[in-house]
Amino acid sequence: MPKYYVESGWVRMILDATNAERAAVKVCQRCRERQAAIYADARPGTFRDAEAVDWQLANEIRVNEIGFGGMDNETFDTFEIAAIGSDYNFAPRYSESGTA
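Report on the accompanying structure. (Residues numbered from 1 in each chain as written. Predicted model: local features only at pLDDT ≥ 70, side-chain atom pairs only at ≥ 80, totals over all residues. Heavy atoms only, no water.)

Here we come to the pattern of salt bridges. Going through the model one piece at a time under the given rule, you end up with two salt bridges. Across the salt bridge formed by Arg12 and Glu7, the nearest N and O atoms sit 3.3 Å from each other. Note that Arg62 is salt-bridged to Glu7, the shortest N-O span being 3.9 Å. One end of the pair, Arg62, is in strand β3 (residues 60-64); the other, Glu7, is in strand β1 (residues 3-8), and 55 residues separate them in sequence. The network of salt bridges with shared partners includes Glu7, Arg12 and Arg62. (Salt bridge = Lys/Arg side-chain N within 4 Å of Asp/Glu carboxyl O. Helix = DSSP H or I, 4+ residues; strand = E, 2+ residues; numbered from the N terminus.)

Here it is as structure tokens:
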């Protein structure tokens, strides 16, 4: 399985996935899980919001097989990736020819 470098906002992860889109979905799911764990912690006096920001994605998720900050990134819309990861498909999927 290929290794992908995924970055968005403060988040940077290196992981294995079958393709770039699946790598973006995995990062989105991990960030959601981590934020849920942070907010589930009921200790008083903790700065949950500041800690959760470290796991907040930007509007785009950039995926590259070479390294962080490369010029040949595949870029995905975070909302669409979150929808795919939640088994919802709000946007139509198009083939490379541009037809559904």
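Back to the write-up after that little detour.
We now examine the pairing of β1. Among the six residues in β1, five count as buried, and that is most of the element. Bridging between β1 and strand β2 (residues 11-16) involves six bridges; their strand directions are antiparallel. Counted as the bridge partner of Tyr5 is Ile14 from β2. In this structure, the hairpin formed by β1 and β2 is closed by a connection of two residues, where Gly9 is found at a positive phi of approximately 60 degrees. (Buried < 20%, exposed > 50% of the residue type's maximum accessible area, 1.4 Å probe, protein only. Pairing = 2+ DSSP bridges.)

With that out of the way, let us pick up helix α3 (residues 78-85). Taken together, the buried positions of α3 are Thr78, Ile81, Ala83 and Gly85. Between the side-chain oxygen at the start of α3 and the backbone nitrogen of Phe79 there is a gap of 3.1 Å, and the oxygen is on Asp77. (Polar contact = N/O pair within 3.5 Å; in protein donor to acceptor, adjacent residues only side chain to side chain.)

In the sheet, β1 pairs with β3 via three bridges, with the strands oriented antiparallel. What sits directly across from Glu7, in β3, is Arg62. Of the pairings in the sheet, the one linking β3 to strand β4 (residues 74-77) comprises four bridges and is antiparallel in character. What sits directly across from Arg62, in β4, is Thr75.

What follows covers the sheet that holds β4. Across a sheet, paired strands are connected by hydrogen bonds in the backbone, their directions being either parallel or antiparallel. Overall, antiparallel pairing links the four strands, which are arranged β2-β1-β3-β4 in an open sheet. A single partner strand is all that each edge strand has here, and the edge strands are β2 and β4. Taken over all neighbouring pairs, the strand axes of this sheet differ in orientation by 25 degrees on average, direction set aside. (Axes fitted to C-alpha atoms, helices over the stretch in contact; angles between N-to-C directions.)

Turning our eyes to something else, we now look at the nonpolar core. Ranked by internal contacts, the top residues of the largest apolar core, which has 18 residues, are Val27 and Val63. Broken down by secondary-structure element, the contributors of at least two residues to this core are β1, β2, α1 (20-40) and β3. Sort the elements by how many residues they give to this core and α1 lands first, with seven residues. Beyond its immediate chain neighbours, meaning those up to four positions away, Val63 contacts Tyr4, Tyr5, Val6, Ala20, Ala23, Ala24, Asp72, Asn73, Glu74 and Phe76. (Core = buried A, V, L, I, M, F, W, Y, C linked by side-chain atoms within 4.5 Å. Contact = heavy atoms within 4.5 Å.)

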